[in-house]
Amino acid sequence: MFITLEGGEGAGKSTQARRLAAHLAQRGAVLLTREPGGAPGAEATRGLLLSRAWDPRAEMLLHFAARREHVARSIRPALAAGAAVVCDRFADSTYAYQVGGQGGDAALWRMLVDGTLEGVWPARTFLLDMPVEAGLARAAARGETNRYEALDIGFHQRVREAFHMQAAREPARWRVIDAAQPLDAVTAAMLAAL
Ligand code: TMP
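What you see is a predicted model; the values in this text were computed from it and never measured.

Here the focus is the site of the ligand. The immediate surroundings of the ligand are formed by 14 residues, with Glu-9, Arg-46, Arg-89, Thr-94 and Gln-98 found nearest. Here an oxygen atom of the ligand and a side-chain polar atom of Glu-9 are 2.7 Å apart. Between the ligand and Gln-98 there is a distance of 2.8 Å, counted from a nitrogen atom to a side-chain nitrogen or oxygen. For the shell around the ligand, the elements supplying multiple residues, two or more each, are helix 2 (40-51), helix 3 (56-80) and helix 4 (91-101).

To continue, consider helix 1 (residues 13-24). The end-to-end C-alpha separation of helix 1 is 16 Å, in line with the 16 Å expected for 12 residues at 1.5 Å each. When helix 1 is considered as a whole, its buried residues turn out to be Lys-13, Gln-16, Ala-17, Leu-20, Ala-21 and Leu-24. Down the axis of helix 1, the sector holding all buried residues measures 135 degrees, keeping them to one side. Those residues of helix 1 that are buried are in contact with strand 1 (2-6), strand 2 (30-34), strand 3 (84-88), strand 4 (124-129) and helix 8 (183-193).

Residue placement: Glu-9 occurs in the loop between strand 1 and helix 1. A polar contact is formed between the side chain of Glu-9 and the side chain of Tyr-97, at a distance of 2.7 Å. Ignoring sequence-local partners within four residues, the contact set of Glu-9 consists of Arg-89, Tyr-97, Gly-135, Leu-136, Ala-139, Asn-146, Tyr-148, Glu-149 and His-156.

Attention shifts here to the pattern of salt bridges. The full count for this structure, using the stated rule, is 14 salt bridges. The closest approach of N and O atoms between Asp-105 and Arg-57, which form a salt bridge, is 2.7 Å. One end of the pair, Asp-105, is in the loop between helix 4 and helix 5 (106-116); the other, Arg-57, is in helix 3, with 48 residues separating them in the sequence. For Arg-110, the salt bridge goes to Asp-114, with nearest N and O atoms at 3.3 Å.

Moving on, we get to the packing of aromatic side chains. By the definition in use, this model includes 6 aromatic pairs. Members of the aromatic cluster, connected to one another through ring pairs, are Tyr-97, Tyr-148, Phe-155 and Phe-163. Positioned above the aromatic ring of Phe-64, the side-chain terminus of Arg-67 is 4.7 Å from the ring centre. Above the ring of Tyr-148, the side-chain terminus of Arg-147 is found at 4.6 Å from the ring centroid.

Scoring rules and cut-offs
- Residues numbered from 1 in each chain as written.
- Predicted model: local features only at pLDDT ≥ 70, side-chain atom pairs only at ≥ 80, totals over all residues.
- Heavy atoms only, no water.
- Near = heavy atom within 4 Å.
- Polar contact = N/O pair within 3.5 Å; in protein donor to acceptor, adjacent residues only side chain to side chain.
- Helix = DSSP H or I, 4+ residues; strand = E, 2+ residues; numbered from the N terminus.
- Expected span 1.5 Å × (residues − 1).
- Buried < 20%, exposed > 50% of the residue type's maximum accessible area, 1.4 Å probe, protein only.
- Arc of directions from axis to C-beta.
- Contact = heavy atoms within 4.5 Å.
- Salt bridge = Lys/Arg side-chain N within 4 Å of Asp/Glu carboxyl O.
- Phe/Tyr/Trp six-rings, centres within 6.5 Å; stacked < 30°, edge-to-face > 60°.
- Lys NZ or Arg CZ within 6 Å of the ring centre and 35° of its normal.

In structure tokens form, the structure reads like this:
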């Protein structure tokens, strides 16, 4: 099963992905991975994406170049070997950040999904949702901020709205979880939904 965690900054996705993977590991093999990244070339691309600003279309292409590497070298082989895959962000993040947040081209996003992922698509996606201000405060308290976190609050509100739009479009795949709850309650809500 391919499971993804999505959400804005400071929602606790990485912590919850680790917890979910640890739980699933009691039953069998699990690949815990993240985007941008999750394969050597994709991790190198993460460095490029986070260290400087890009032309918006170039940025979307780079996210999908990293994702293609990740799918081809890590996710698809793991799924083929019967492992569960728990991924911290996937293509929905590109929709939320590059299309929703940055006003990028939704048709290009769809074309890249269809043309590069070869049908590899999450069976279950958790939206770890919380108010933007609270999430950004949490992210800031963590220390270093990346260049997306540093964008204005309007950007992050558009990202949140775009995630909700995706969840409403594909309700069978998405589960919206209140990420402002205590950590244990968030983990329990995800496990209950699985
Ligand atoms: P992270 O902080 O969750 O590791 O993700 C790094 C940043 O990259 C985060 O601010 C969101 C951003 N991002 C996009 O803008 N588009 C994408 O497709 C992905 C996967 C991440």
